[in-house]
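For reference, the chains in residue letters:
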Amino acid sequence: MRDFLTGHLVHVVALATLISRLGDIGTTFLVTPTLKVEANPIVRRFGWRYAFATAAIALIPYYSIHGGVVVLTVSLLIAASNASEAMLARFMGEEKYAALNREAIQKMSVAAGLSFLCLPAFFYLTLGLIISLLFPVSIDSWGFDIAMGTVMCAVALLIFYPIRFFSERRLLVRANGTPENSN
């Protein structure tokens, strides 16, 4: 079996990358069917057609197997992050879940809100750096690819979560005046 998989490694990585992209898209749908609480502003803006179009990056392994492993890693980590929110979002319903997020954003200081939102990214970043230290770091090693995917996931969270946080705060200020805790 191992010989078969390694003999067809490009196809295996492409399939795994497709599954990881569909996992990201599927868990996003579980949390936010109308994309009200989607952190990625590009997906929020262009909607589900764009989200499904991103599945095409599963073809990257045919260009670069190492690039495919990076995308695979990022997508799996984002899907896992989304899945951790699915239970609460499905139980409450998207509207109540969005309202709960807005209430937390309104009542928390900027420093506390950003700290809590970005904390997972710092753990991912730490993991990526540890992987890069433990595995031989060369541009064409699997350890490097997984480390880069983990770091890229952290960077994406560090970009998209603050954007989402400040977008919500800006909307709250327009609707209600200043947030309860504007520190």
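Everything here concerns the structure above.
Residues numbered from 1 in each chain as written. Predicted model: local features only at pLDDT ≥ 70, side-chain atom pairs only at ≥ 80, totals over all residues. Heavy atoms only, no water.

## With respect to the pattern of salt bridges
In total, this model carries five salt bridges according to the counting rule given. Between Asp 24 and Arg 21 there is a salt bridge, and its shortest N-O distance comes to 2.6 Å. Of this pair, Asp 24 and Arg 21 both sit in helix α2 (residues 9-31), three residues apart, which is roughly one turn of the helix. Exposure remark for Asp 24: the relative accessible area of 12% places this residue in the buried category. According to the relative accessible area criterion, Arg 21 is buried, its value standing at 9%. Where Arg 164 meets Glu 168, a salt bridge forms, and the shortest distance between an N and an O atom there is 3.0 Å. Of the two residues, Arg 164 and Glu 168 both sit in helix α8 (residues 142-176), four residues apart, roughly one turn of that helix. Each of the salt bridges in this network shares a partner with another, and the network as a whole consists of Lys 36, Glu 95 and Arg 102. (Salt bridge = Lys/Arg side-chain N within 4 Å of Asp/Glu carboxyl O. Helix = DSSP H or I, 4+ residues; strand = E, 2+ residues; numbered from the N terminus. Buried < 20%, exposed > 50% of the residue type's maximum accessible area, 1.4 Å probe, protein only.)

## Here we look at the environment of Ile 131
Inspection of the secondary structure assignment puts Ile 131 in helix α7 (residues 110-134). Considering only alpha carbons, one finds Ile 131 and Asp 145, 14 residues apart in sequence, at a separation of 9.7 Å. Beyond its immediate chain neighbours, meaning those up to four positions away, Ile 131 contacts Gly 143, Ile 146, Ala 147 and Thr 150. (Contact = heavy atoms within 4.5 Å.)

## Describing the packing of aromatic side chains
Throughout the structure, instances matching the rule amount to four aromatic pairs. Considering the side-chain rings of Phe 29 and Trp 48, the 5.6 Å spacing of their centres and the 65 degrees angle between planes classify their relative orientation as edge-to-face. Within this pair, whereas Phe 29 is found in helix α2, its partner Trp 48 is found in helix α3 (residues 41-53), the two being separated by 19 residues in sequence. Ring geometry for Phe 165 against Phe 166: centres 5.3 Å apart, planes inclined by 85 degrees, an arrangement best described as edge-to-face. (Phe/Tyr/Trp six-rings, centres within 6.5 Å; stacked < 30°, edge-to-face > 60°.)

## Concerning the packing of α7 against α8
Packing of α7 against α8 leaves a shortest axis separation of 7 Å and a crossing angle of 175 degrees. Viewed along their axes, α7 and α8 adopt a mutual orientation that is roughly antiparallel. (Axes fitted to C-alpha atoms, helices over the stretch in contact; angles between N-to-C directions. Parallel < 35°, antiparallel > 145°, perpendicular 65-115°, else oblique.)

## Structural notes on the nonpolar core
By size, the foremost hydrophobic cluster in this structure holds 10 residues: Ala 39, Val 74, Leu 77, Ile 78, Ala 121, Tyr 124, Cys 153, Ala 154, Leu 157 and Tyr 161. At the level of elements, α5 (65-92), α7 and α8 are the ones that each hand at least two residues to this core. The greatest single-element share of this core, amounting to four residues, is contributed by α8. If sequence neighbours within four positions are ignored, Val 74 has contacts with Gly 149, Met 152 and Cys 153. (Core = buried A, V, L, I, M, F, W, Y, C linked by side-chain atoms within 4.5 Å.)

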